[in-house]
Amino acid sequence: MADNPGNHLVVVIGAGPAGLFASKELANHGAAVTLLNRDVKPGGLAEYGIYHDKFKMKEGLRRQFHQILELPGIEYYGNVVVGQKGDVTLAALRAMGFQALLVTAGAQGTKWLGLPGEDLVGVYHAKELVYHYNLLPPYSQRKYQIGKRVALIGAGNVMLDIAHWLVRDLKVDEVVAVVRRGPSEVKFTKKELESVARNLDLTALEAEMARVRPAADAVGQAVYEARDFMLSALPKALERVSDTRFRFDFLASPRRILGGGQGVVRGLEVEDTTLICAEGEVQAKRLGTTRVLDVDTVIFCIGDKVDESFGLPVRWNAFVKHTEPRFPVDGLSYEAYDPDMGRPVDRVFVAGWSREASSGLVGVARKDGENGAQAVLEYLAGLPGLKQPQTVLNNFHAHLERLGKPIVRKEHLRRLEQAEADEAARRGVETFKYGDNAAMFAAMGLD
């Protein structure tokens, strides 16, 4: 890694954990970083993806991010959308003269299964609901019609975050997690299950384990070990605050969403599956038999994908990486690649969830951002520093001026932080966060 890349200008796109720690790594090695963020506030999923009442965790991360943004080698520009349909494109940034672009914008797209009925009222993706209850504009201002019986598609931590919200905040009647495979292959942690474990329907859980046991036994999976794992969340589980019934429906593959009057959800049709061993791994096999779950809301908790309109080649829901990178880090490629042209994308690197969607939490994103920065620094080590870097920055600032919209800088973030602290004190609450951009602009003096 280069210790002193000289007078180099780098754009980092995305101010979540990957982008912030990448910016720190770049600035600490002498690069001048222009940090662009789609949102007003920095933090990304650390600010808007962690469950809203985890105050201490969020505050600790905010302090780290604040320290990073105070570094003199980093300039912050919030409310700037990068992409083919955004405020500035990757091509425009390169044309201005920035020497490297590190994309850490996360996985801004959403995965869907393409089922009939996905356009019904009451069908949502987990990401938009997580953004909604974490007060990320514009999701914070949208209305979501959540019924009393909710099906969650998926078996990971995101599913449990949504279940947490439904069970403890909305207090719906029933939440059923629909899982295509068996109980031995759930992806959530015991810690996350503790938030809703007191609402588990234990009778239904036992019956479900007995129902799926023959299929699990046939592939060597011990369902009662999976059951014991779930029950191990009970000793430290949060106290029950609702009568919501939480249960699992395993070996069930969503087939279509049924609609009723006025285009709203009235049921979820699932196809029964079984487990088979194929190509050295356990897989779910459809059986052809179907049944209907009586639900009025369906929420997909099945992961994310990158934004296909961002301006980089996409394959299999991810930006394409060079398979033979020039600047590998820990054996991984951080270099964007154009498979149609058969060459790297000029000066563009990817890290964090932009490199591998839905991979790990804050610590993983931090490390990947730092690794991406190392790849950029290696690249910059072979380039001379710019003779007139201020000209590049002047052209960039002129472009922002022509947008005619509020652009958030470091001094504005300080005002916003103070305004929200004052409002929390006035209301007598632990924390306060504005839920719309207009209020934040007003608090910063940018209205």
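Here's a quick rundown of the structure. In this text, all values refer to a predicted model and were calculated from it rather than measured experimentally.

The next point concerns the pattern of salt bridges. In this structure the tally under the stated criterion is 35 salt bridges. As a salt-bridge pair, Asp87 and Lys405 come within 2.8 Å of each other at their nearest N and O atoms. Of this pair, Asp87 sits in the loop between strand 3 (74-78) and helix 4 (90-96) while Lys405 sits in the loop between helix 11 (389-403) and helix 12 (410-427), and the two are 318 residues apart along the sequence. Judged by relative accessible area, Asp87 falls into the buried class, the value being 18%. Judged by its relative accessible area of 26%, Lys405 falls in the partly exposed class.

Right, let's talk about helix 9 (residues 223-231) for a bit. Those residues of helix 9 that sit buried are Val223, Ala226, Arg227 and Met230. Down the axis of helix 9, the buried side of the element spans an arc of 100°, and every buried residue falls inside it. Structurally, helix 9 contributes buried residues whose contacts are with helix 7 (190-193), helix 8 (202-218) and strand 9 (245-249).

This brings us to the sheet that holds strand 8 (residues 174-178). Strand order in the open sheet formed by five strands is 6-13-7-8-9, with parallel pairing between adjacent strands. Across the chains shown, the open sheet's two edge strands, defined by having one partner strand only, are strand 6 (123-125) and strand 9. Sheet twist, expressed as the average angle between the axes of neighbouring strands with direction ignored, equals 20°. Pairing of strand 7 (residues 149-153) with strand 13 (residues 297-300) involves four bridges; the strand directions are parallel. Looking across to strand 13, one finds that Ile153 is bridged to Phe300. Sitting on the sheet, helix 5 (residues 126-133) touches strand 6 and strand 13, and the angle it makes with strand 6 is about 75°.

The two faces of a sheet get side chains in turn, since along a regular strand they alternate between them. Here strand 9 lies mainly inside the structure; four of its five residues are buried. As defined by bridge partners, strand 8 adjoins strand 9 across five bridges and the pair is classed as parallel. Across the sheet, Val175 pairs through a bridge with Phe246, a residue of strand 9.

Scanning the entire structure with this criterion turns up 16 aromatic pairs. Judged by centre distance (5.2 Å) and plane angle (80°), the ring pair of Tyr124 and Tyr144 falls under edge-to-face. Here Tyr124, found in strand 6, pairs with Tyr144, found in the loop between helix 5 and strand 7; they are 20 residues apart in sequence, far enough to count as distant. There is no split in this pair, since Tyr124 and Tyr144 are both buried. Aromatic ring contacts, followed pair by pair, group Phe188, Phe229, Phe246, Phe248 and Phe250 into a single cluster. Sitting over the ring of Tyr139, Arg142 keeps its end group 4.6 Å from the ring centre. Seen from the ring of Tyr334, Arg355 lies directly overhead, with NZ or CZ sitting 5.0 Å from the centre.

Counting residues in each nonpolar core, the largest one holds 45 residues, and the members touching the most others are Leu152, Ile162, Phe246 and Phe248. The set of elements that each furnish at least two residues to this core consists of helix 5, strand 7, helix 6 (157-170), strand 8, helix 8, helix 9 and strand 9. Counting residues per element, this core draws most heavily on helix 6, at seven residues. Leaving out residues up to four positions away in the same chain, Ile162 has contacts with Ala126, Leu129, Val130, Tyr133, Leu152, Ile299 and Cys301. Of all hydrophobic cores here, the second largest spans 43 residues; its members include Leu20, Tyr76, Phe349 and Leu380.

Approximately 800 Å³ is the volume attributed to the second largest pocket. Contributing to the lining of the second largest pocket are 29 residues, with Lys41, Glu47, Glu59, Arg62 and Glu420 lying nearest its centre. Listed by contribution, the elements that provide at least two residues to the lining of the second largest pocket are helix 3 (55-69) and helix 12. Residue contributions to the lining of the second largest pocket peak at nine residues, all from helix 3. The class makeup of the residues in the lining of the second largest pocket is eleven nonpolar, four polar and 14 charged.

Right, let's get into the sheet that holds strand 11 (residues 265-278). Spatially, 10-11-12 is the arrangement adopted by the three strands of the open sheet, whose pairing is antiparallel. In this open sheet, the two strands that pair with only one neighbour each are strand 10 (252-259) and strand 12 (281-293). On average, adjacent strands in this sheet sit at an angle of 20° to one another, irrespective of strand direction. Pairing between strand 11 and strand 12: ten bridges, direction antiparallel. Note that in strand 12 the partner of Cys277 across the bridge is Val282.

About the thresholds
- Residues numbered from 1 in each chain as written.
- Predicted model: local features only at pLDDT ≥ 70, side-chain atom pairs only at ≥ 80, totals over all residues.
- Heavy atoms only, no water.
- Salt bridge = Lys/Arg side-chain N within 4 Å of Asp/Glu carboxyl O.
- Helix = DSSP H or I, 4+ residues; strand = E, 2+ residues; numbered from the N terminus.
- Buried < 20%, exposed > 50% of the residue type's maximum accessible area, 1.4 Å probe, protein only.
- Arc of directions from axis to C-beta.
- Contact = heavy atoms within 4.5 Å.
- Pairing = 2+ DSSP bridges.
- Axes fitted to C-alpha atoms, helices over the stretch in contact; angles between N-to-C directions.
- Phe/Tyr/Trp six-rings, centres within 6.5 Å; stacked < 30°, edge-to-face > 60°.
- Lys NZ or Arg CZ within 6 Å of the ring centre and 35° of its normal.
- Core = buried A, V, L, I, M, F, W, Y, C linked by side-chain atoms within 4.5 Å.
- 1 Å grid on protein atoms, 1.4 Å probe; cavity = no way out; pocket = protein on both sides within 12 Å on 5 of 7 lines; lining within 4 Å.
- Points joined across faces, edges and corners; volume = space filled by probe spheres on them.
- Nonpolar A, V, L, I, M, F, W, Y, C, P; charged D, E, K, R; others polar.

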